[in-house]
Structures are given as C-alpha cells and as structure tokens.
Amino acid sequence: MDTDGFRRLWNEVEPVGRADSGGYVRFSWTEPDLVLRRWFLAQAKLRGLRYEEDRNGNLYAWWYAEKEEVVDPDRPRPHGAVLTGSHFDSVPHGGAYDGPLGIVAAFLAVDRLRAAGAHPKRPIGIAAFTEEEGGRFGVPCLGSRLMAGVIDPDRARLLTDPDGVTLAEAMLEAGADPATLGPDPERLEHLAAFVELHIEQGRALDGSESPVAVASAIWPHGRWRVTFTGEADHAGTTRLPDRRDPMLTFAFAVLAARKEARLAGGVATVGRVEVEPNATNAIAATVTAWLDARAPDEAVLGEILSGFESKVTERAGRDGTSVRITAESETPIVEFDASLRDRIAALLGGAPVLPTAAGHDAGVLSAHVPTAMLFVRNPTGVSHAPGESASDEDCAAGVEALAAVLRELAC
Ligand code: HGY
Ligand code: MN
Ligand code: MN
Ligand code: MN
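Definitions and limits used
In this convention, every chain numbers its residues from 1, walking through the sequence in written order. Written order determines the labels here, with chains lettered from A and ligands numbered from 1. Confidence filtering applies because this is a predicted model: local features only for residues at pLDDT of at least 70, side-chain atom pairs given and counted only at 80 or more, and all residues used for totals across whole chains, interfaces and linings. Hydrogens and water molecules were not included; the side-chain quantities draw on all heavy atoms of the structure. Here an angle of 0 to 180 degrees is reported between the N-to-C directions of two axes, which are lines fitted to C-alpha atoms, with helices fitted over the stretch in contact. Secondary structure elements follow DSSP: runs of H or I no shorter than four residues count as helices, runs of E no shorter than two count as strands, and numbering proceeds from the N terminus. Roughly parallel covers angles under 35 degrees, roughly antiparallel covers those over 145, roughly perpendicular covers 65 to 115, and oblique covers all other angles. What makes a crossing left-handed is the near helix being turned counterclockwise from the far one by less than a right angle; a clockwise turn instead makes it right-handed. Any two residues whose heavy atoms approach within 4.5 Å at even a single point are treated as in contact. The residue classification treats Ala, Val, Leu, Ile, Met, Phe, Trp, Tyr, Cys and Pro as nonpolar and Asp, Glu, Lys and Arg as charged. All others, Gly included, are polar. The criterion is simple. A nonpolar core is a set of buried Ala, Val, Leu, Ile, Met, Phe, Trp, Tyr and Cys residues joined through side-chain atoms within 4.5 Å. The rule is simple: take the accessible area with a 1.4 Å probe, protein chains only, and divide by the maximum for that residue type; under 20% is buried, over 50% is exposed, in between is partly exposed. Donors, by definition, are the N, O and S atoms found within 2.8 Å of a metal, the threshold being 3.2 Å for Na, K and Ca, and water is not counted, so a site can look incomplete. Only protein atoms enter the calculation, which uses a 1 Å grid: trapped sets of points that fit a 1.4 Å probe without letting it out are cavities, open sets showing protein on both sides within 12 Å along at least five of seven lines are pockets, and any residue with an atom within 4 Å of a point is a lining residue. Grid points are joined across faces, edges and corners, and a volume is the space filled by probe spheres set on the points. Proximity criterion: a residue is near a molecule or strand once any of its heavy atoms comes within 4 Å of it. We call two N or O atoms a polar contact when they sit within 3.5 Å, provided that within protein one can donate a hydrogen and the other can accept it, with sequence-adjacent residues counted only if both atoms are side-chain atoms. Surface accessibility in these figures is a Shrake-Rupley result with a 1.4 Å probe; residues are shielded only by whichever protein chains are displayed. Salt bridge, as used here: a side-chain nitrogen of Lys or Arg that lies within 4 Å of a carboxyl oxygen of Asp or Glu. UniProt positions are given in the numbering used here, feature names are shortened, and annotations may be inferred rather than shown by experiment. By convention here, the domain bounds are inherited from an automatic or database domain assignment. Two parts placed together each lose some accessible area under a 1.4 Å probe, and the buried area is that loss summed for both.

**What to know about the packing of helix 1 (residues 3–13) against helix 3 (residues 100–115)**
- One can describe the packing of helix 1 onto helix 3 by two numbers: an axis separation of 10 Å at closest approach and a directional angle of 135°. The orientation of helix 1 with respect to helix 3, classified from their angle, is oblique. Between helix 1 and helix 3 the crossing geometry is right-handed. Here G5, F6, L9, W10 and V13 of helix 1 lie close against helix 3, whose contacting residues are P100, L101, V104, F107 and L108.
- Class assignment for the residues of the contact of helix 1 with helix 3 results in nine nonpolar, one polar and no charged.

Next up, the structure:
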C-alpha cells in the first residue's frame, strides 16, 4: 500500500478551506472551491486525462480505453464508462475527508492501475460533483440532482445562500454559466457503473479487521424548513399572557423532534435556526428552523414527520403562534445494486457491508446507474465537524480497494 503516495497528494488538498476552527468551509463557487476545481484540472492534465465540465458545473477527468470507439465524433462522450469520485464542498466547519477523500482516492486509484500496466476496456472517469452538502444553497446533491433531472433548474438558479446570493449569481461571479443547468440524460445513459469512495460517517468500522466497507443502503432522509410566526413585542413591558412568542413554540419543536425520532427509531436534528428581528430585548416575530430527519425505512421516517407535525401544530395553537412546514429536499431509501455490492464485497475479501444514514451523490445516481459505495474507516466516527479523521494507512487501503474495483469493472 502506498501510504506515502496518499499523504503526498492529500497534502495538496487538505489545507484548502480550513478555518481557524480546524473545520472546513468549502462552499461551492467560493474561493476554496475554485482552488480545488483548478487542482482537479491540474491533476487531470498531469495524467493526460480528458477534462470536462458538464452543464451543471460537475467536473470529470476521463481515462479512455485504448481503442475507444467514439460513436459520434461531435460528441466524444465515452460509452459504458465506469465513473468514480465524490464532492469537494463541505458543511460549515465540516471535516477534511467528507467528499475530497473520494476524489483524491480516485486519482490515486487510476495511478495504481496505470503503474500495474492495466488497460481499461471501458473508459474510467473521475467526477467532482458540485454542492453535494447543500452547505451554501440548502439543497443537498444539487449537481447530481440537476444532472438526474430531479430538481427544476429554474428553482436551482434561484436558490439563495445565507447572504441572499443566488446560485445563478454565484456561478456567474465564478465565471460559470447558470443558463446551462439542467438534466443530462445522455451522460447518465453512457455510464455503466458509479462507485463512490467516502469516509465512513460513523464508528461501524472502528475495531474491525477491515479498514474498508461496502455500502448496502442509504437511509431515507429529508430536510424541512419550519417557520414559526408570532408577534414581535417589547421584552420588558409585554405581560406573559399577552405574548405570542414563536421562540416558545420553536423550543418545544426541537424537543418534540427528538422525542418523535426516539419513539419511532430514527434520528432528527435541528442544527440551523434564524430569528427575526433577533434582538435581545424584543420578542421574536418569526423563527425559521431546519429539521433534518432520517430513519431506517420510509414508514419510520413518516412516523417521525407526522408525529412532529401534529404535536408542534397543537402547541402553536396553545402559544397563539402559527407554524408552517415546507419540505426542502426529501430522499427516498437507496438500496444499492445488490449484485454489484456483493461482487465488490467478495472482491475485497468479504469486506463488511453496512448501511449509512448519510446522503451521497451515489444515492442520486443509483436510481439511474448501477452504483456502489466504499467506506474508509473513521476511528472517531465524527463527521460534519473538525473531529472527522482517518489514518493514512486506511486511506491508502481505500485507494487499493477502489483500484481493485475499477480494475474489476473496467479493465
Ligand atoms: O447530509 C448528509 O448526509 C451528507 O453528508 N451530505
Ligand atoms: Mn457530508
Ligand atoms: Mn459527503
Ligand atoms: Mn456524498
């Protein structure tokens, strides 16, 4: 295993976007993202791979099969390609590995295959999908969802970041063209398989013999914007019975989400909230919070949501406030392609097979292309926070595993 080789390439990516918190702030179309997009182009050039940016801002580096029969010279799109890769963007102050590890490992896996003299019979592609976390514009897997045609490009163009900048404006400022956003069915048709390597976002592999696991499923999950509306008033002179304080209903809702999730057997999180007018000495007018709920199956997720909605609506009635719940993104359960999953687990010497409650571009593509995921051990299990970690040895083992999978599927 080439641990030094991993560390060398990882050292080029790891510092990009690191904040004083030790976490990463790599929002799509901001400077750290542009630095990593330029790095991706340089890595493709270094290896003589054909670089491509698609209509949605996703990047590709293609290693063509020697005798690549390009069916339509005007559209030199590879047929039956095996694609691997992940994303560069992060949640605010997220971990170093979530996303970039899959892209660095992909370049190194291609290097391993070439060093071993492999000649792909199918094109092998490396992808960097844009806005996977939804950390800036709020909808996760935006680049892969646009490609798959599961989000309206007009809605996407108007998505705004916390500063009110739209995706379209951010792309224009970065020199990209938002007018081209939209479904890319031909691209999907030409993929024979997609394999995403990702750091494990949990502790399932801690203490395991194998530093690498294969994904069986992604839990159904979603994000809901919950708006609590009350009546702004003076914090001192307004008698308690006269108040219509949305902060009260919000506080109840956070506890209700947790309780409904515990009772149903899933998880629910409120990690983001905005208060208007957000003044120390004024009762809030509105509180906007985002609920992230996930569960092992759709029935449990539905139970969490319906329990949450009924309890919070009832409480708002008692508080004299109102509540509106709007789905921002809902992702059904993903059962990865069983034959591909088992073939890869066997290839990797019986690697553990485990589900995840984290969403991924692989989850979006799996509805269109035979898809698999590899997880690399994360001893702390921490993710979406500075504590996320993986050893160089385990990452190098991930590269070996990915190289073996690409050889199996494309060479
Ligand atoms: O939110 C998620 O589950 C993923 O890490 N984007
Ligand atoms: Mn993530
Ligand atoms: Mn990720
Ligand atoms: Mn992902």
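Read on, since the account is not over.
**What about the nonpolar core?**
- Ranked by internal contacts, the top residues of the largest apolar core, which has 57 residues, are W39, F40, L101, F107, L374 and L402.
- Sorting elements by how many residues they give to this core places helix 12 (residues 392–410) first, with 11 residues.
- Apart from residues lying up to four places away in sequence, L101 is in contact with F6, W10, L197, I199, V376 and C395.
- Of all hydrophobic cores here, the second largest spans 26 residues; its members include V334, L354, V369 and M373.

**Re the coordination of the manganese ion (ligand 2)**
- Summarising the metal site, the manganese ion (ligand 2) is bound by the protein donors D98 (OD), E133 (OE), E133 (OE) and H384 (NE2), whose distances to it range over 2.0 to 2.8 Å.
- All donors of the manganese ion (ligand 2) belong to a single chain; written as a sequence motif, their spacing is D-x34-E-x250-H.
- A distance of 3.4 Å spans the gap from the manganese ion (ligand 2) to the manganese ion (ligand 3), which D98 bridges by coordinating each metal. Of this pair, E133 sits in the loop between strand 4 (124–129) and helix 4 (142–148) while H384 sits in the loop between strand 15 (371–376) and helix 12, placing them 251 residues apart in sequence.

**Notes on empty space enclosed by the protein**
- As enumerated under the stated definition, the model contains three cavities of 30 Å³ or more in all.
- As a volume, the largest cavity reaches approximately 50 Å³.
- Every residue lining the largest cavity is listed: S28, D33, R37, L59, F88, D89, A128, F129, T130 and E131.
- Elements represented by at least two residues in the lining of the largest cavity include exactly helix 2 (31–46) and strand 4.
- A breakdown of the residues in the lining of the largest cavity according to their chemical character gives four nonpolar, two polar and four charged.

**So, the site of ligand 1**
- Every residue near ligand 1 is listed here: D98, E132, E133, Q201, R294, A358, G359 and H384.
- Separating a nitrogen atom of ligand 1 from a side-chain N or O atom of E133 is a distance of 2.8 Å.
- Note that an oxygen atom of ligand 1 is positioned 2.6 Å from one of the side-chain N or O atoms of R294.
- Across the complex, the protein chains shield 95% of the 210 Å² of accessible surface that ligand 1 would expose by itself.

**Remarks on the pattern of salt bridges**
- Enumeration over the complete set of coordinates arrives at 24 salt bridges.
- With its nearest N and O atoms 3.0 Å apart, the salt bridge here joins E31 to R38.
- Of the residues examined, E31 reaches a relative accessible area of 45% and is grouped as partly exposed.
- Each of E52, D54, D184 and R187 takes part in salt bridges that share partners, so that together they form one network.

**Quick notes on the environment of A256**
- Along the chain, A256 turns up in helix 8 (residues 246–264).
- A256 sits in the buried class, given a relative accessible area of 8%.
- Separated by 226 residues in the primary sequence, A256 and T30 place their C-alpha atoms 36 Å from one another.
- When neighbours within four sequence positions are excluded, A256 is seen to be in contact with F308 and V312.

**Some points on the environment of S383**
- Assignment of secondary structure puts S383 in the loop between strand 15 and helix 12.
- Along the primary structure S383 and I304 are separated by 79 residues, whereas in three dimensions their C-alpha atoms are 23 Å apart.
- Not counting the four nearest positions on each side in its chain, S383 is found in contact with D98, Q201 and E388.
- Here E388 takes part through its side chain, which lies 2.6 Å from a polar atom of the side chain of S383.

**Thoughts on the UniProt feature "binding site: Zn(2+) 1" (unreviewed entry) in the protein chain**
- UniProt records the feature "binding site: Zn(2+) 1" (unreviewed entry) for H87, D98 and H198 in the present numbering. A maximum C-alpha distance of 9.6 Å is found for the annotated residues, which run over 112 residues; spatially they form one tight group.
- Examined against the element boundaries, H87 turns out to sit in strand 3 (residues 81–87).
- When residues no more than four places from it in sequence are discounted, the contact partners of H87 are D98, G99, P100, I103, F129, E132, E133, E196, H198 and D361.
- From its side chain, H87 meets the backbone oxygen of D89 in a polar contact 3.0 Å long.
- Note that D98 resides in the loop between strand 3 and helix 3.
- Looking at D98, the relative accessible area reads 4%, which means it is buried.
- Residues within four places of D98 in sequence aside, it is in contact with H87, D89, E133, H198, I199, Q201, S383, H384 and E388.
- A distance of 3.0 Å separates the side chain of D98 from the side chain of H87, its partner in a polar contact.

**Thoughts on the packing of helix 1 against helix 2**
- Interaxial distance between helix 1 and helix 2 falls to 10 Å at its minimum, and their mutual angle equals 140°. Listed contacts from helix 2 to L9, E12 and V13 of helix 1 are L36, W39 and Q43.
- Of the residues assigned to the contact of helix 1 with helix 2, the class counts are four nonpolar, one polar and one charged.

**Focus: the domain arrangement of the protein chain**
- Taken as a whole, the protein chain is organised into domain 1 (3–219 + 334–410) and domain 2 (221–331).
- Look at where the C-alpha atoms of domain 1 and domain 2 centre, and you get two points 34 Å apart.
- Across the boundary between the two partners, domain 1 contributes 12 residues, which contact 10 residues of domain 2.
- Buried area between domain 1 and domain 2, both sides added, is near 950 Å², and the carbon and sulfur share of it is 47%.
- Summed over the shared surface of domain 1 and domain 2, the result is zero salt bridges.
- The tally of links from domain 1 across to domain 2 stands at six residue pairs in polar contact (both at pLDDT 80 or more).
- In terms of residue class, the side of domain 1 that touches domain 2 is made up of six nonpolar, three polar and three charged.

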